[in-house]
Amino acid sequence: MSVVKIRDNIYAVGVQDPEVRIFHGYQVPFGATYNCYLVIDEKITLIDNVKGIFTEQYMKNIEEIVPIEKIDILIQNHIEPDHSGSFPELLRRNPNLEVYCTNGAKNGIKAYYGLDNFNCHVVKNGESLCTGKYTYHFLPAPMVHWPDSMLTYLAEEKILFSNDAFGQHVCTGETYDDEMSRDRLMERVIDYYGNIVLPFGAQVQKLLAQAQALEIEMICPSHGVILRSYISDVVQGYERWSKNECDQDKVVIVYDSMWGSTQEMADCIKEEFEAQGKTVHMHSLAKEHYSQVMGDLVEAKHIFVGASTLNNNMMPTVAAFMTYMKGLKPKNRIGMAFGSYGWSGEATGQVNDIFESLGWETLPVRKQAYRG
Ligand code: FEO
């Protein structure tokens, strides 16, 4: 998406990052976008910023519609660097800008960029802003997914500018959700949810309760495509996932193997559970990035992790996955550790300890000496 008119007076002016492949530890094989929106009214309003390296492109995009100096208001929904990197240059070129953001965002701007001498209006939950014919309602949503996060609803157009919520990491040329298949969209949405939003289920539920009161025709996130045809599918997904409602019949098997013996165990477990009629998603960490597991993990009840023991530890690939998954805090799962070893066999116990630290039910560990 470069500049796209999405409604009369409303433009998508963000930038594309098709080459990015790792996004803070999360593999994004289809790139990413940093979406921002420009709304023309009596007071001209810009919503969000972009990653710093794209600042010049962003300024050019905006100036296809209006000179930077003519913007009256910036709504800064979130200040993680992918949405705030261009903020200092925007402010340098337009020092009179009125900035609407949460207190957390104001503090972040000072901490990151050393900027505190600007016209900042800290918003409160339920507060509104009139810019002429348009009214914006601010919906602070702490921990969806950062403390400063906020969404903004444009009432007259029934548009929710959702920032990170409801986003997807995909940069393959589409502007709207219905330019790709529903299945493709949902695959990108759940992958993003599993890697970004998963730890914050309780906060997502609060946000959904607030959003229920809104009439929404379009969700404009800060990443990926704009939602207009599949809003209910995505929102219903968020409702299920935020409650950690898992599918008893879905199994994820994740493993790495030194000499093939742990892989054989993984294959046997797969056959065993498929024979019970369950859908099994296998992930070899020797071939896949650990973050690629998370999309399947969002709905799976059973998570089985296989690790050979290497120098008294789990394989480093498995350790990376377990560290990452532990941080994302999936709840209400059943875990099983399995693995082969040559002479000690600590890995399965280490995996099992992490399952227990997450409060999961565990199945008995399956551990065996190498079988050639
Ligand atoms: Fe897209 Fe929280 O940054």
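First, a word on scope: everything that follows refers to the structure included in this document. Given the structure is predicted, the values throughout are model-derived calculations rather than measurements. (Residues numbered from 1 in each chain as written. Predicted model: local features only at pLDDT ≥ 70, side-chain atom pairs only at ≥ 80, totals over all residues. Heavy atoms only, no water.)

### Quick word on empty space enclosed by the protein
Reasoning step 1: Counted by the stated rule, this structure contains 2 cavities of 30 Å³ or more.
Reasoning step 2: Of the voids in this model, the second largest cavity is the one considered here, and its volume is about 40 Å³.
Reasoning step 3: Lining the second largest cavity are F23, H24, E80, D82, H145, D164, H169, Y192, I196 and H223.
Reasoning step 4: Counted by class, the lining of the second largest cavity contains 3 nonpolar, 4 polar and 3 charged residues. (1 Å grid on protein atoms, 1.4 Å probe; cavity = no way out; pocket = protein on both sides within 12 Å on 5 of 7 lines; lining within 4 Å. Points joined across faces, edges and corners; volume = space filled by probe spheres on them. Nonpolar A, V, L, I, M, F, W, Y, C, P; charged D, E, K, R; others polar.)

### A look at the packing of aromatic side chains
Reasoning step 1: Counting across every chain of the model gives 12 aromatic pairs.
Reasoning step 2: An aromatic cluster is built from F166, Y193, Y238 and W241, whose rings are joined through pairwise contacts.
Reasoning step 3: The aromatic ring of F30 is capped on one face by R184, whose charged end is 4.1 Å from the ring centroid.
Reasoning step 4: Against the face of Y176 rests R228, its NZ or CZ located 3.7 Å from the ring centre. (Phe/Tyr/Trp six-rings, centres within 6.5 Å; stacked < 30°, edge-to-face > 60°. Lys NZ or Arg CZ within 6 Å of the ring centre and 35° of its normal.)

### Section: a nonpolar patch on the surface
Reasoning step 1: A cluster of nonpolar side chains, M258, W259 and Y370, forms an exposed patch at the surface whose accessible area comes to about 390 Å².
Reasoning step 2: Relative to the helices and strands, W259 is located in the loop between β17 (247–256) and α8 (261–275). (Patch = residues over 30% accessible without salt bridge, like charges linked within 9 Å, V, L, I, M, F, W, Y side chains within 5 Å. Areas by Shrake-Rupley, 256 points an atom, 1.4 Å probe, with all protein chains shown as cover. Salt bridge = Lys/Arg side-chain N within 4 Å of Asp/Glu carboxyl O. Helix = DSSP H or I, 4+ residues; strand = E, 2+ residues; numbered from the N terminus.)

### Details of the sheet that holds strand β9 (residues 73–75)
By definition, the strands of a sheet pair up through backbone hydrogen bonds, in either a parallel or an antiparallel sense.
Reasoning step 1: Pairing in this open sheet of 7 strands is mixed, and the strands run β1-β2-β7-β8-β9-β10-β11 from one edge to the other. Since the sheet does not close on itself, it has two edges, and those belong to β1 (4–7) and β11 (119–122), each with one partner. Between one strand and the next, the sheet's axes are offset by a mean angle of 25°, whatever the strand orientation. (Pairing = 2+ DSSP bridges. Axes fitted to C-alpha atoms, helices over the stretch in contact; angles between N-to-C directions.)

### Describing the environment of Q276
Reasoning step 1: Here Q276 is to be found in the loop between α8 and β18 (279–284).
Reasoning step 2: Overall, the relative accessible area of 46% leaves Q276 in the partly exposed class. (Buried < 20%, exposed > 50% of the residue type's maximum accessible area, 1.4 Å probe, protein only.)

### Looking at helix α10 (residues 316–328)
Helical geometry note: an α-helix holds 3.6 residues per turn, so side chains three or four residues apart project in the same direction.
Reasoning step 1: Taking 1.5 Å of rise per residue, the 13 residues of α10 would be expected to cover 18 Å, and the 19 Å separating its terminal C-alpha atoms lies within 8% of that figure.
Reasoning step 2: Taken as a whole, α10 has its buried residues at V318, F321, M322, Y324, M325 and L328. With its buried residues spanning 165° around the axis, α10 presents them on a single face. Of the residues in α10, the exposed ones pointing more than 90 degrees away from the buried face are P316 and T323. (Expected span 1.5 Å × (residues − 1). Arc of directions from axis to C-beta.)

### Remarks on the sheet that holds strand β14 (residues 150–154)
Reasoning step 1: Sheet architecture is open: 5 strands sit in the order β12-β13-β14-β15-β16, paired in mixed fashion. The open sheet has two edge strands with one neighbour each: β12 (128–130) and β16 (218–221). The sheet shows a mean angle of 20° between the axes of neighbouring strands, taken without regard to direction.
Reasoning step 2: As paired strands, strand β15 (residues 159–163) and β16 are joined by 4 bridges and run parallel to one another. Considered in β16, the bridge of N163 is made with P221.

### Considerations on the packing of helix α5 (residues 182–197) against helix α7 (residues 231–242)
Working note: a packed helix pair is described by the angle between its axes plus the distance between those axes.
Reasoning step 1: Running from amino to carboxyl end, α5 crosses α7 at an angle of 35°, the nearest separation of the two axes being 11 Å. As α5 packs across α7, the resulting crossing turns out to be right-handed. Contacts between α5 and α7 involve R182, L185, M186, V189, I190, Y192, Y193 and V197 from the first element and D233, V234, Y238, W241 and S242 from the second.
Reasoning step 2: Of the residues contributing to the contact of α5 with α7, the split by class is 10 nonpolar, 1 polar and 2 charged. (Left-handed = near helix turned anticlockwise from the far one by under 90°. Contact = heavy atoms within 4.5 Å.)

### Details of the packing of helix α6 (residues 201–211) against α7
Reasoning step 1: Relative orientation of the contacting elements α6 and α7 amounts to 140°, with a least axis distance of 9 Å. With respect to each other, α6 and α7 are oriented oblique. Viewed along their axes, α6 and α7 form a crossing whose handedness is left-handed. Between α6, through G201, A202, V204, Q205 and L208, and α7, the contact on the second element is made entirely by V235, Y238, E239 and S242.
Reasoning step 2: Looking at side-chain class alone, the contact of α6 with α7 contains 5 nonpolar, 3 polar and 1 charged residues. (Parallel < 35°, antiparallel > 145°, perpendicular 65-115°, else oblique.)

### Remarks on the nonpolar core
As a rule of thumb, soluble globular proteins bury nonpolar side chains together.
Reasoning step 1: Counting 88 residues, the largest nonpolar core has I62, Y238, F321 and M322 as the members making the most contacts within it.
Reasoning step 2: Per-element tally for this core: the top contributor is α5, with 8 residues.
Reasoning step 3: The next biggest cluster of nonpolar side chains, apart from the first, holds 22 residues, and it includes I10, I47, F161 and M218. (Core = buried A, V, L, I, M, F, W, Y, C linked by side-chain atoms within 4.5 Å.)

### Re the pattern of salt bridges
It is possible for side chains bearing opposite charge to pair when their charged atoms get close.
Reasoning step 1: The tally for this structure, following the rule as stated, stands at 19 salt bridges.
Reasoning step 2: A salt bridge links D233 to R182; its shortest N-O distance comes to 2.7 Å. Taken as a pair, D233 in helix α7 and R182 in helix α5 lie far apart in primary sequence, 51 residues in all.
Reasoning step 3: R182 sits in the partly exposed class, given a relative accessible area of 35%.
Reasoning step 4: The closest approach of N and O atoms between E274 and K270, which form a salt bridge, is 3.1 Å. Of the two residues, E274 and K270 both sit in helix α8, 4 residues apart, roughly one turn of that helix.
Reasoning step 5: Residues joined by salt bridges that share partners form a network here, namely R184, E187, R188 and D191.

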